[in-house]
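# Coordinate inspection notes
Take a look at the letters that make up each chain.
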Amino acid sequence: MRVPLNWARPSGRKIRLAVIRYRASKPNRRIGSLFFNPGGPGNSGFSFVRGSGGALDFYAGGRFDIVSWDIRGSAGLSTSVDCFKDQRSRAEFWGKGTIPTTDAESRAYRRKTAAFARRCGKRNGPLLRHISAADQSRDLDYLRRLAGDRKLNYYGVSYGTFLGQTYANMFPRRVRSMIIDGVVDPVPYSHGSEAAVANNVRDSDLVLRKFASVCESAGQERCELAGDGPVMPRIEQLLARSTTPAPGAEPSGDLTHGDVLTALFTDLGHPGAWPELAGELDEAIEGDGSKLATRARGGYSVFRGSANGDGFSALWCADSPARQGSRAWPTVIPRLARASATRGPFLGWLAWGPCASWPTESAAPYTGPWNKSTKNPILVM
């Protein structure tokens, strides 16, 4: 579909939205369309429905066409933000490391995030001003009309909950039903990237303690971290180290403190990965961080060293601009570390870092109020 870059100028420049529809399996009982956003920001709704449309159809009782799209600015098939000429130059720019943890590393990384922001500004021009959740909501409303639905049925996950809340406050009378799952609090998210990160990470250390507790309860046969004393002190022992040998890591290099934080960020939110994560933590604690370092660097390459990372930064900064410049990192990153020692520094550098140097403000973001009522209750998960 083609939509206006700037909805305030509908006859102006157009951009592309890649849209996909999975037909209701019970067409005789069809209610309408169910629009789905998988979060990110920037995860591909198009790919999700292509691969898992049947699962969503099952959950919806076969009574809705499942519709999704790659949101503008994401790295999918729609008009995207692209900050590098190719993947090779992107990989060379970010290098093989993970997040910084020393002052020297942080100063170098601060300069890198500033250079990244400048690249994004030069390569993407006016697109960056028109990718906020308000722009996405107007796209969604247009797609609703094209699908022939008088009112919207919507299911959003993570960032998709922020988009859903934005739509519900901009167009409350156009909502029939909505599920928001893994909810982003819109007030801090729209207040600025530091507030957004702090709110995102605030219970992460609790999750780590629960991970340790579950591991102890499971015992060594089911959790390799257990059996050599209390688990949490063993993890804290690893977190206290600056480096651990990692002779078989890919890419090569010792396991760093930043690698450990990256691995925890990548997998603590996915309990299905906990047994493998526990085994790799145990090996690292015993002196070989190869597997954990490989996991961390692979995860970091998805977050930062791919086109998805370009879209993530652009979309995050569109609705969560930094209120301080990048030279404020010596106060901002420690504050985020106090909010969560395990997750705060990682998401701080991943999200706040580029936004602190971001060259463009959104033309017309929605920043509240967040107090509108819909005819039917919204299901909050």
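The text that follows walks through the structure, step by step, so that each part is easy to find.

Parameters at a glance
- Residues numbered from 1 in each chain as written.
- Predicted model: local features only at pLDDT ≥ 70, side-chain atom pairs only at ≥ 80, totals over all residues.
- Heavy atoms only, no water.
- Helix = DSSP H or I, 4+ residues; strand = E, 2+ residues; numbered from the N terminus.
- Rg over C-alpha atoms; globule rule 2.2 N^0.38 Å.
- Buried < 20%, exposed > 50% of the residue type's maximum accessible area, 1.4 Å probe, protein only.
- Contact = heavy atoms within 4.5 Å.
- Areas by Shrake-Rupley, 256 points an atom, 1.4 Å probe, with all protein chains shown as cover.
- Lys, Arg positive; Asp, Glu negative; His and termini not counted.
- Charge placed at Lys NZ, Arg CZ, Asp CG, Glu CD.
- Core = buried A, V, L, I, M, F, W, Y, C linked by side-chain atoms within 4.5 Å.
- Expected span 1.5 Å × (residues − 1).
- Phe/Tyr/Trp six-rings, centres within 6.5 Å; stacked < 30°, edge-to-face > 60°.
- Lys NZ or Arg CZ within 6 Å of the ring centre and 35° of its normal.
- Disulfide = S-S within 2.5 Å.
- Patch = residues over 30% accessible without salt bridge, like charges linked within 9 Å, V, L, I, M, F, W, Y side chains within 5 Å.
- Salt bridge = Lys/Arg side-chain N within 4 Å of Asp/Glu carboxyl O.
- Axes fitted to C-alpha atoms, helices over the stretch in contact; angles between N-to-C directions.
- Parallel < 35°, antiparallel > 145°, perpendicular 65-115°, else oblique.
- Nonpolar A, V, L, I, M, F, W, Y, C, P; charged D, E, K, R; others polar.

As a further point, take the overall build of the protein. Counting its regular elements, the protein contains 15 helices and ten strands. On C-alpha atoms alone, the protein measures out to a radius of gyration of 22 Å, which is about the 21 Å that the 2.2 N^0.38 rule sets for 381 residues. Taking the principal axes of its C-alpha atoms as reference, the protein extends roughly 60 × 45 × 40 Å. Burial analysis of the protein (381 residues in total) assigns 52% to the buried set. Taking the contacts inside the protein whose residues are at least 6 apart along the sequence as the reference set, 74% of them involve residues at least 24 apart. Put simply, the protein shows about 17,100 Å² of open surface, and 50% of that area lies on carbon and sulfur atoms. Each charge class in the protein can be summarised by its mean position, and for the 51 positive and 35 negative side chains these summaries are 14 Å apart.

Attention now goes to the nonpolar core. Counting 96 residues, the largest nonpolar core has Phe211, Leu225, Leu292, Trp316 and Leu347 as its most contacted members. No other element matches the seven residues that helix H15 (residues 344–355) contributes to this core. Apart from residues no more than four positions distant in its own chain, Phe211 is found in contact with Leu225, Ile235, Leu268, Trp274, Leu277, Ala278 and Leu281. Grouped together as the second largest cluster of nonpolar side chains are eleven residues, Leu34, Phe36, Phe46 and Val49 included.

This next bit is on helix H13 (residues 307–319). If you check H13, its first and last C-alpha atoms are 19 Å apart, about what 13 residues at 1.5 Å a residue would give, namely 18 Å. Taken across its 13 residues, H13 has eleven buried, putting it largely inside the fold. Among the residues of H13, those classed as buried are Gly309, Asp310, Gly311, Phe312, Ser313, Ala314, Leu315, Trp316, Cys317, Ala318 and Asp319.

Right, let's get into helix H10 (residues 257–267). When you tally the buried positions in H10, you get ten out of eleven residues, the bulk of the element. All buried positions along H10 are accounted for by Gly258, Asp259, Val260, Leu261, Thr262, Ala263, Leu264, Phe265, Thr266 and Asp267.

So, on to the packing of aromatic side chains. Counted according to the given criterion, the structure contains 23 aromatic pairs. On the basis of an interplanar angle of 55 degrees and a centroid distance of 5.3 Å, the ring pair of Phe84 and Phe93 is categorised as tilted. Given the relative accessible area of 0%, Phe84 is considered buried. By relative accessible area, Phe93 is classed as buried at 15%. A cation over an aromatic ring shows up here: Lys112 above the ring of Phe93, its NZ or CZ 5.6 Å from the ring centre. Its end group placed over the ring of Phe265, Arg343 keeps NZ or CZ at 4.0 Å from the ring centre.

With that settled, consider the side chain of Gln136. The residue Gln136 is located in helix H4 (residues 133–146) in this model. Gln136 has contacts with Ile71, Arg72, Ile131, Tyr159, Leu163 and Leu315, leaving out every residue within four places of it along the chain.

Along the chain, His130 turns up in the loop between helix H3 (103–124) and H4. The exposure class of His130 is buried, given its relative accessible area of 8%. Discounting residues that sit within four places of it in the chain, His130 has contacts with Leu5, Asn6, Arg72, Asp135 and Ala363.

Here the structure, examined in full by the defined rule, presents three disulfides. At a sulfur-sulfur separation of 2.0 Å, the disulfide partner of Cys83 is Cys120. The chirality of the disulfide connecting Cys83 with Cys120 is right-handed, given an S-S dihedral of about 110 degrees. Of this pair, Cys83 sits in the loop between strand E5 (64–69) and helix H2 (87–94) while Cys120 is found in helix H3, placing the two residues 37 residues apart along the sequence.

The grouping of Lys85, Arg118, Arg119, Lys122 and Arg123 at the surface amounts to a positive patch. Following the sequence through the fold, Arg123 ends up in helix H3.

On to the packing of helix H8 (residues 204–218) against helix H9 (residues 231–239). Geometrically, a packed helix pair is captured by the angle between its two axes and the distance between the axes. For the pair H8 and H9, the least separation of the axes is 8 Å and the interaxial angle reads 130 degrees. Classified by the angle between their axes, H8 and H9 sit oblique to one another. Where H8 abuts H9, its residues Leu208, Arg209, Phe211, Ala212, Cys215 and Glu216 lie against Val231, Met232, Ile235 and Leu239. Partitioned by chemical class, the residues of the contact of H8 with H9 number eight nonpolar, no polar and two charged.

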